[in-house]
Structure formats: C-alpha cells, structure tokens
Amino acid sequence: MNVANLQLEGLMMAVASINNLLVHKGLLSIDEIDTALRKAEASMTGDERTYEDMSPANRDAICFPIRLLQIANNAQGELDIPPFSELAKWLGKPRNLNVSGDDTCSLREGLI
C-alpha cells in the first residue's frame, strides 16, 4: 500500500477519534458533527469547475474521507469508533441501516 494512503488512513482515524471525544465530552452532538461533514461534502461537490472536470472515481475519492468520517460519527458507541477497515467496508453497503458492532452495517437515515 502507498505510504500516503496509510498516512491519510491515520489522519482520518485521528479526526474520527477527536469527533468521538467532542461528542462524549458534550461539546458537540453527533448531529452537529454530521451537519458539519455534510456541509464539507456539499462544498466539495458544489465547486462545479473542479467537480465537473473529474471522473466519477475521482469524485468518489474526494468524498471518501468525509463519508468515512460520517460513518464513524454515526457509529459512535460507548467506547470507541470501529476500526478503519470496518468503516471503509460500510461505505459500500446500503444506506438507511444502523451501524452495530456485529458486522451489520446500518447508517442513520440518509447518512451518505
């Protein structure tokens, strides 16, 4: 695997952990973080000059970190966030289910 991919994986998990901590300390809610992530994705996809010139694969690549953080945010439990491999796996599964630790993917309504 490319070293840059590993670095990005680590960065995404660090941000997901910080988001989790912010929620558990009561500084932000899951919904507030979800709204911020949705705005970030809208900002990325709303830049028509850049976004329209990209292939669908590149568009998905740009949105991948944001969507992964949305899943991590909505999968928060009492302890910690799921591992990166689980979060990435959930990106390819159907929407509108609940994320649980038993290898079933479900996202809160309309997550991604």
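Rules used in this analysis
Residues numbered from 1 in each chain as written. Predicted model: local features only at pLDDT ≥ 70, side-chain atom pairs only at ≥ 80, totals over all residues. Heavy atoms only, no water. Axes fitted to C-alpha atoms, helices over the stretch in contact; angles between N-to-C directions. Helix = DSSP H or I, 4+ residues; strand = E, 2+ residues; numbered from the N terminus. Left-handed = near helix turned anticlockwise from the far one by under 90°. Contact = heavy atoms within 4.5 Å. Buried < 20%, exposed > 50% of the residue type's maximum accessible area, 1.4 Å probe, protein only. Salt bridge = Lys/Arg side-chain N within 4 Å of Asp/Glu carboxyl O.

Novice: It is not clear to me how the packing of helix α1 (residues 3–24) against helix α4 (residues 56–74) should be interpreted in this structure. Could you clarify?
Specialist: The description of two packed helices rests on the angle between their axes and on the distance between the axes. Running from amino to carboxyl end, α1 crosses α4 at an angle of 35°, the nearest separation of the two axes being 10 Å. Helix-helix and strand crossings are classified by hand; for α1 and α4 the assignment is right-handed. Between α1, through Met-12, Val-15, Ala-16 and Val-23, and α4, the contact on the second element is made entirely by Phe-64, Pro-65, Leu-68, Leu-69, Ala-72 and Asn-73.

Novice: I'm lost on the environment of Ile-66 in this one. Help?
Specialist: Position of Ile-66 relative to the elements: it lies in helix α4. Under the relative-accessibility criterion, Ile-66 is labelled buried at 12%. Sequence-wise, Ile-66 and Ala-40 are 26 residues apart; in three dimensions their C-alpha atoms are separated by 7.4 Å. Every residue in contact with Ile-66, bar those within four places of it in the chain, is listed here: Leu-37, Ala-40, Glu-41 and Met-44.

Novice: Looking at this structure, I do not really get the pattern of salt bridges. What am I missing?
Specialist: A pair can form between side chains of opposite charge whenever their charged atoms are brought close. Throughout the structure, instances matching the rule amount to three salt bridges. For Asp-34, the salt bridge is made with Arg-38, and the minimal N-O distance between the two is 2.8 Å. On the criterion of helical spacing, the pair formed by Asp-34 and Arg-38 is a turn pair, its members being four residues apart in helix α2 (residues 30–46). Arg-38 gets classed as partly exposed once you look at its relative accessible area, which sits at 35%. In this structure, a network of salt bridges that share partners links the residues Glu-41, Asp-60 and Arg-67.

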